[in-house]
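Overview (structure and organization)
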Amino acid sequence: MLSQLALSIKESPTLKLNETAALLRDKGEPVIHLGGGEPKSRTPIDAIISCSSLLNTGEIRYTPSDGIPPLKQAIIRYTEEHYDRGVKPENVIVSSGAKQTLMVALHAILDPKDEVIFPVPYWVSYPEMVKLAGGVPVPIAASDGSFCPSFEDLAAAVGSYTKAIILNSPNNPSGAMYSNDLVARMVELCERRNIWLLMDDTYNRLVFDGRAPTNCYEFTQEDVDRSQLLVVNCVSKMYAMTGFRIGWGVGNRELIRAMANIQSQQTSGPSAPSQWAAVGALNGVQNSIEALRSTLENNRNVLVARLQAIPGVKVVKPAGTFYTFPDFSAYNPDSKKLAEYLLETVRVAVVPGKDFGMEGHLRVSFCGAQKDIREGMERIQWALDPDAPNELYLGSRKLVRDAV
Ligand code: PMP
Ligand code: GLU
């Protein structure tokens, strides 16, 4: 007999889709994966060298469960450079991915029935993580139907059970960035009301059109050790190092200590080779981030132009990340059915908007090759166009279309 908790938790739909796409590919199906959540660039060479140096010693041991000192130092330097904040090793925890940082943070702060507010659309894992930690997820949609709830929308949801707010900007899945004004007011509200503010900055270096990453520390003079802010980041996206599973949190030392205690009982700490890889990435040559960012900006332009060319599809140009979140409800208001139809009919994988709390939308990624974006969009356009011929040839393969 399984626990009520286990029975209430959904599998990560984004990770599941990766598996489905890989299985179909193994069977020889010509799948184009526009549902992915990881850049395709290679691991920076400095990360590989640093990781290999440890591997070459043949002595791969346990590390301090909250992270090795050189990695904490690299994160402290990163925080000084990109957030203009001096912090101490006691303010830093290294985890197995940003996902674990968020998870141990929620375990450290939530009592049963405590509420966690986050804007809609949201990353698929937030509701499940909050539930895993015994809390109640409170997704808040913008009253104007946009991707960015206003301060008033969010503040109206704050009540006596509110323990934390999660902000992810730029946002997975919409690519939208919250305004500095919104972030500043949320920081002020959280500091005043003693609510934890988890800033999920996973994508904050991947922003376009000359925008600067948001720095939440700009909006508070509070000492880090009295602050309600936890800034979460990782090597996963900006260095394209998803497989290493290294993320971190920077915040109040009391919170960090509680998170570290929990983590020490959960995993004993992140993998040692991965931590050394992250040291290499953070201390090494940094040009891979700009190379990735500008490739993504080009990909975004290609994808948005293709989406705009499909009649009835509404798309907002993403300010960052590698996701678009167009509204396809003119074709089918049921996003799961539409995503299934596209995978079955034209072998293009996308993620249903429902999983991100916004029905009628699909998450279409632009982290892959431009060639795949172009071909994937051509196939989608064919699958949706009622006037297109009923057959499409992919090389020697013939696709036949059912009704949408
Ligand atoms: N936050 C957001 C918004 C994400 O999209 C992801 C996906 N990877 C994560 C956190 C987790 O990152 P990691 O792979 O480092 O666990
Ligand atoms: N965060 C990425 C995504 O949303 C990777 C998969 C996951 O961790 O959910 O696709």
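Notes on the structure in this doc start here. (Residues numbered from 1 in each chain as written. Chains lettered and ligands numbered in written order. Predicted model: local features only at pLDDT ≥ 70, side-chain atom pairs only at ≥ 80, totals over all residues. Heavy atoms only, no water.)

The subject of this paragraph is the site of ligand 2. Inspection of the region around ligand 2 gives Ser12, Thr14, Leu15, Gly37, Lys99, Trp123, Asn172, Tyr203, Lys237, Tyr323 and Arg363 as its neighbouring residues. In this structure, an oxygen atom belonging to ligand 2 sits 2.9 Å away from a side-chain N or O atom of Asn172. In this structure, Lys237 approaches ligand 2 through a side-chain N or O atom, which is 3.3 Å from a nitrogen atom. Computed on the free molecule, ligand 2 has an accessible area of 280 Å², of which 88% lies beneath the protein chains in the complex. The class makeup of the residues in the shell around ligand 2 is 4 nonpolar, 4 polar and 3 charged. (Near = heavy atom within 4 Å. Polar contact = N/O pair within 3.5 Å; in protein donor to acceptor, adjacent residues only side chain to side chain. Areas by Shrake-Rupley, 256 points an atom, 1.4 Å probe, with all protein chains shown as cover. Nonpolar A, V, L, I, M, F, W, Y, C, P; charged D, E, K, R; others polar.)

The omega angle of the peptide bond from Val120 to Pro121 is 0 degrees, so this bond is cis rather than trans. Of note, the bond from Ser169 into Pro170 is cis; its omega dihedral lies within 30 degrees of zero at -5 degrees. Looking at the secondary structure, you find Pro170 in the loop between strand 5 (162–168) and helix 8 (180–193). Although it is not a glycine, Asp84 adopts a positive phi angle of roughly 55 degrees. Among the structural elements, Asp84 can be located in the loop between helix 4 (69–83) and strand 2 (92–95). Given a relative accessible area of 67%, Asp84 falls into the exposed group. Positive phi outside glycine occurs at Asp209, with the angle close to 60 degrees. Its location among the elements puts Asp209 in the loop between strand 6 (196–200) and strand 7 (229–234). In this structure Asp209 comes out as partly exposed when scored by relative accessible area, which is 42%. (Helix = DSSP H or I, 4+ residues; strand = E, 2+ residues; numbered from the N terminus. Buried < 20%, exposed > 50% of the residue type's maximum accessible area, 1.4 Å probe, protein only.)

Contact geometry for helix 5 (residues 97–109) and helix 9 (residues 253–266): axes closest at 9 Å, N-to-C directions at 110 degrees. Taken together, the axes of helix 5 and helix 9 lie roughly perpendicular to each other. Considering the relative orientation of helix 5 and helix 9, their crossing is right-handed. Where helix 5 abuts helix 9, its residues Gln100, Thr101, Val104, Ala105, His107, Ala108 and Ile109 lie against Leu255, Ala258, Met259, Ile262, Gln263 and Gln266. (Axes fitted to C-alpha atoms, helices over the stretch in contact; angles between N-to-C directions. Parallel < 35°, antiparallel > 145°, perpendicular 65-115°, else oblique. Left-handed = near helix turned anticlockwise from the far one by under 90°. Contact = heavy atoms within 4.5 Å.)

Under the defined criterion, the tally for this structure stands at 11 aromatic pairs. Ring geometry for Phe118 versus Tyr122: centroids 5.1 Å apart, planes at 75 degrees, classification edge-to-face. You'll find Phe118 and Tyr122 in the same group, each marked buried. A ring pair is formed by Phe147 and Phe325, whose centres lie 5.8 Å apart and whose planes are at 50 degrees; its orientation type is tilted. Here Phe325 lies in the loop between strand 9 (323–324) and helix 12 (335–346) and Phe147 lies in the loop between strand 4 (136–140) and helix 7 (151–156), a separation of 178 residues in the sequence. One aromatic cluster is present, built from ring pairs that chain together Phe118, Tyr122, Trp123 and Tyr126. (Phe/Tyr/Trp six-rings, centres within 6.5 Å; stacked < 30°, edge-to-face > 60°.)

Next up on the list: the sheet that holds strand 3 (residues 115–119). Pairing in this open sheet of 7 strands is mixed, and the strands run 2-8-7-6-5-3-4 from one edge to the other. This sheet does not close on itself; its edge strands, each paired only once, are strand 2 and strand 4. Across this sheet, the average inter-strand angle for adjacent strands is 20 degrees, counted without regard to direction. Here 3 bridges tie strand 3 to strand 5, and the two strands are oriented parallel to one another. Its bridge partner being in strand 5, Glu115 is matched across the sheet by Thr162. Where helix 9 meets the sheet, its contacts fall on strand 2, strand 6, strand 7 and strand 8 (247–251), and the angle it forms with strand 2 comes to roughly 30 degrees. (Pairing = 2+ DSSP bridges.)

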